[in-house]
Amino acid sequence: ARPSPLVALGVLSAKGASGQATGAQYLARRTSLRESSQRFGNNGRALELRFLLAAPSGTVSEAAIVDEQRQHGDIVFLAMSESRFNCALKSLLWFEHCATAFPKASFYALADDDTYLQLEHFELDLRSVGLQENEHLLYGLVMWYGTYDNATMVPHEAWGGWGYSDAGAVRLRRRIERCREAGSSSGGGRANPCAKLAAPSRQTVARGTLSDVAPFPVVNGPLWAASNSLARALIADPIPRAYLRDLHRTPRVRHALERPGGPRKS
């Protein structure tokens, strides 16, 4: 048996058309990542890379993906269906898989399949963190959001910025609160504090569903990781799955899933 890797990296992919990409495009991305990952000596040593796909349904059209797994052995089929709203579920299922397949890895990570992954750089970056035993640590690009809508369950109705501080999210939050305080008495025109808000933010104010919990940080982007102990805490906690279950019940998501051609990118 090989030594436990520092990080188990799951790459989000799909076996057929999903979102804005076709099955052929997803295959091309996996092929490109397989080729580029061979340039790094830590692949298969300090780092184990796997592609994360929904489990095949057994149809004849999916024979190619089964052959791909037989050839490369780097695909993990997860017990789920592909959906734009199941990305977070795929993350949780990957963490569950890692807890069994890579129980002593220090980090469980996720990446998008349309990125170029500098694996040795990634390893050095994670080692520089100085992870302590049983430490809950989240690694990645921090974004700040200034809103959360209690009705739509959307935490980013308006842009908060890529900054490491929450300044952009705070400015947005203050504009939204000025709009809420003005209410219907503000009238129209440039003096209206609601005028410069995007439509979703105005709708949140009008519904009265703005959460008081904000600004708050979100780790997002094409590459992020959770320490072993944090990943296991997320697996054990009922809140993530409860959130996803309730999200699928919102009118907004139900409408998107029922739309001909599937949900739009937004």
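Calculation criteria
Residues numbered from 1 in each chain as written. Predicted model: local features only at pLDDT ≥ 70, side-chain atom pairs only at ≥ 80, totals over all residues. Heavy atoms only, no water. Disulfide = S-S within 2.5 Å. Buried < 20%, exposed > 50% of the residue type's maximum accessible area, 1.4 Å probe, protein only. Helix = DSSP H or I, 4+ residues; strand = E, 2+ residues; numbered from the N terminus. Contact = heavy atoms within 4.5 Å. Core = buried A, V, L, I, M, F, W, Y, C linked by side-chain atoms within 4.5 Å. Phe/Tyr/Trp six-rings, centres within 6.5 Å; stacked < 30°, edge-to-face > 60°.

Enquirer: So what about the state of the cysteines? Which residues, and what values?
Expert: Among covalent bonds in proteins, the disulfide is the one between the sulfur atoms of two cysteines. Tallied over the full model, the rule gives 1 disulfide. Summary of cysteine pairing: C87 is not part of a disulfide, and the nearest cysteine sulfur, belonging to C98, is at 17 Å. Under the relative-accessibility criterion, C87 is labelled partly exposed at 44%.

Enquirer: Talk me through helix α7 (residues 228–236); I want residue IDs and the actual numbers.
Expert: All of the buried residues along α7 are N228, S229, L230 and A231. Lining the buried residues of α7 we find α3 (87–101), β4 (107–112), β5 (138–145) and β6 (216–227).

Enquirer: Can you lay out the nonpolar core for me, pointing to particular residues and giving the numbers?
Expert: With 22 residues, the main nonpolar core has L9, L117 and F122 as its most contacted residues. When residues in this core are grouped by element, the largest group, 4 residues, is from strand β2 (residues 47–54). Setting aside its immediate chain neighbours within four residues, L117 contacts L9, V11, L33, F40, L49, A111 and L223. One finds V76, L92, A105 and L244 within the second-largest nonpolar core, a separate group that totals 21 residues.

Enquirer: Run through the packing of aromatic side chains, naming residues and quoting values.
Expert: Scanning the model with the defined rule gives 6 aromatic pairs in all. Seen from their ring centres, F40 and Y116 are 6.4 Å apart, and the 55 degrees between their planes marks the pair as tilted. Here the residue F40 occupies a position in the loop between α1 (23–37) and β2, and Y116 occupies one in the loop between β4 and α4 (119–128), the gap between them amounting to 76 residues. The exposure class of F40 is buried, given its relative accessible area of 14%. The exposure class assigned to Y116 is partly exposed, which follows from its relative accessible area of 47%. Measuring from centroid to centroid gives 5.8 Å for F122 and Y139, while their planes differ by 50 degrees, and the two rings are tilted. Here F122 is found in helix α4, whereas its partner Y139 is found in strand β5, with 17 residues between them in sequence. For F122, a relative accessible area of 5% puts it in the buried group. Given a relative accessible area of 17%, Y139 falls into the buried group. Grouped by ring-pair contacts, the aromatic residues F95, Y108 and W224 constitute a single cluster.

By themselves, these observations are geometric and do not establish any function.
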